[in-house]
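Single-letter residue listing:
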Amino acid sequence: MEVSVGGVRSPVLAAGPPDGAEAVVFVHGNPGPADDWRGLLSRAGELGRAVAPDMPGYGQAGKPRNFRYSVDGYADYLGALLDQLGITRAHIVAHDFGGPWALAWAASHPSALASVTLVNSGVAIGYRWHHYARIWRTPVLGEVFMATASRPGFRLLLGRENPLLTREQIDRIYDAFGSWPTKRAVLKLYRATPAAMLGAPAAALRALDRPALVIWGTQDAYLPREQAGQQRQAFPSAQVELLEGHGHWVMHEDPGRVASLVIPFLRQQLPGPATAAGSPATPPPGS
């Protein structure tokens, strides 16, 4: 399906019942897109309603120059998108920058947050930007980097940092960066986001103590494994699963293992068939 928020269109992959007010909401990161979640989305759809949008600047979504490419801008967009879809209670599944976007939304909509699954993502406490982010945040240097990035160079760098990814998977990640509007969105997003901002939602979320599953590849070259345990600063009861030897894109590197963790966790959280649209969703405890 496709929705439009503030004139910015967003294709949405969907599985399960089409009209549940409670849903699993998959939020991709940089560079996405929603297709990153296709396998898990299908499995989650067996439990209830599940959706995965392309967020502005990525995939097949709109990429306007004047969109607010910031954590708050994406959080607001996500909230409006969920409103349009009639989703009032969300089980967030997020990767990479999808975590900061979704958690910023959740901190301001606590009664709508049912659970979270964080895949190499979440609040970042005491974090320093990775080497690519430092380049992207630097005017001129970031533009030169984007303009000169090549497929062979991408294969070399990403393959060295993520040895469990196949060449086909690396090519798909490269293609996700393909258009200049996406590259422009990346530069704007990183320049609008001081690293210290990534930990901001922790205090608001900690008091809620929502059910949380944290999955982290121990060899993530961009978000170090220490950040996995830091997620308990936002979700004190979080179940933390470290995938030894895996990198940043664990859902591509070991989809079976990731599904074996995510699906049972979601099954515990979901009430069964998705809540019918228009019927009252039960607020989670502590809301």
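Residues numbered from 1 in each chain as written. Predicted model: local features only at pLDDT ≥ 70, side-chain atom pairs only at ≥ 80, totals over all residues. Heavy atoms only, no water.

**Q** Would you mind going over the environment of T117 with me for this structure?
**A** Summarising the element assignment, T117 is placed in strand β6 (residues 113–119). Taking the C-alpha atoms as reference points, T117 and N30, 87 residues apart in sequence, are found 17 Å from one another. Every residue in contact with T117, bar those within four places of it in the chain, is listed here: I92, V93, A94, L213, V262, F265 and L266. (Helix = DSSP H or I, 4+ residues; strand = E, 2+ residues; numbered from the N terminus. Contact = heavy atoms within 4.5 Å.)

**Q** What am I meant to see in the pattern of salt bridges here?
**A** Oppositely charged side chains can pair when the atoms bearing their charge come close. Under the defined criterion, the tally for this structure stands at 10 salt bridges. With a shortest N-O distance of 2.8 Å, E143 and R191 are connected by a salt bridge. Taken together, the residues span a long stretch of sequence, with E143 in helix α5 (residues 141–148) and R191 in helix α8 (residues 180–191) at a distance of 48 residues. What makes E143 partly exposed here is its relative accessible area of 28%. Of the charged contacts, one joins D175 and R151 as a salt bridge, the two residues approaching to 2.7 Å between their closest N and O atoms. Of this pair, D175 sits in helix α7 (residues 167–176) while R151 is found in helix α6 (residues 151–161), placing the two residues 24 residues apart along the sequence. Judged by its relative accessible area of 45%, D175 falls in the partly exposed class. Ionic contacts of the salt-bridge type, sharing partners, join the residues R151, R155, D171 and D175 into one network. (Salt bridge = Lys/Arg side-chain N within 4 Å of Asp/Glu carboxyl O. Buried < 20%, exposed > 50% of the residue type's maximum accessible area, 1.4 Å probe, protein only.)

**Q** Even after reading the chapter, I still don't get the packing of aromatic side chains, so can you show me in this structure?
**A** Aromatic ring pairs are described here by two measures, namely the spacing of the ring centres and the angle between the planes. Following the criterion strictly, the structure yields 21 aromatic pairs and no others. Geometrically, the ring pair formed by F67 and Y74 is edge-to-face, given 5.3 Å between the ring centres and 65° between the ring planes. Take F67: its relative accessible area is 13%, and that puts it in the buried class. Given the relative accessible area of 0%, Y74 is considered buried. For the ring pair Y69 and Y74, a centre distance of 6.2 Å and an interplane angle of 55° mean the geometry is tilted. By relative accessible area, which is 4% here, Y69 ends up buried. (Phe/Tyr/Trp six-rings, centres within 6.5 Å; stacked < 30°, edge-to-face > 60°.)

**Q** Looking at this structure, how should I read the nonpolar core?
**A** The nonpolar side chains of a soluble globular protein tend to be buried with one another. Formed by 96 residues in total, the largest nonpolar core has its most connected members in V25, F26, I92, W101, W105 and F235. Of the residues forming this core, the biggest block, 8 residues, is contributed by helix α2 (residues 71–85). Sequence-distant contacts of W101, that is, excluding residues within four places in its chain, are made with V27, H28, M55, Y58, V71, Y74, A75 and L189. (Core = buried A, V, L, I, M, F, W, Y, C linked by side-chain atoms within 4.5 Å.)

**Q** Just checking my understanding: could you explain unusual backbone geometry for this structure?
**A** Excluding glycine, a negative phi dihedral is what most residues carry, and trans is how most peptide bonds are arranged. The omega torsion of the bond from N30 to P31 falls at 5°, within 30 degrees of zero and hence cis. The residue P31 is located in the loop between β3 (22–27) and α1 (38–44) in this model. Look at the link from G32 to P33: it is a cis peptide, with omega at 0°. By secondary structure assignment, the location of P33 is in the loop between β3 and α1. Of note, V140 is a non-glycine position whose phi angle comes to about 75°, a positive value. In this fold, V140 is placed in the loop between α4 (131–136) and α5. If you check the backbone angles, D209 has positive phi at about 50° while not being a glycine.

**Q** I tried to follow the sheet that holds strand β5 (residues 89–95) on my own but got confused; where do I start?
**A** Across a sheet, paired strands are connected by hydrogen bonds in the backbone, their directions being either parallel or antiparallel. Sheet architecture is open: 8 strands sit in the order β1-β2-β4-β3-β5-β6-β7-β8, paired in mixed fashion. Across the chains shown, the open sheet's two edge strands, defined by having one partner strand only, are β1 (2–5) and β8 (239–243). Between one strand axis and the next, the sheet turns by 20° as a mean value, whatever way the strands run. In this sheet, strand β7 (residues 212–217) lies alongside β6 in parallel orientation, the contact comprising 4 bridges. When the sheet's bridge partners are listed, L118 is paired in β7 with V214. (Pairing = 2+ DSSP bridges. Axes fitted to C-alpha atoms, helices over the stretch in contact; angles between N-to-C directions.)

**Q** I would appreciate a short explanation of the packing of α5 against α8 in the present structure.
**A** Between two packed helices, what matters for the description is the angle formed by their axes and the separation of those axes. Close contact between α5 and α8 brings their axes to 11 Å; oriented N to C, the two are set at 150°. When the axis of α5 is compared with that of α8, the two are roughly antiparallel. The element α5 and its partner α8 pack so that their crossing is right-handed. When α5 is examined against α8, the residues G142, E143 and M146 are found in contact with a partner set consisting of W180, K183, V186, L187 and R191. Partitioned by chemical class, the residues of the contact of α5 with α8 number 4 nonpolar, 1 polar and 3 charged. (Parallel < 35°, antiparallel > 145°, perpendicular 65-115°, else oblique. Left-handed = near helix turned anticlockwise from the far one by under 90°. Nonpolar A, V, L, I, M, F, W, Y, C, P; charged D, E, K, R; others polar.)

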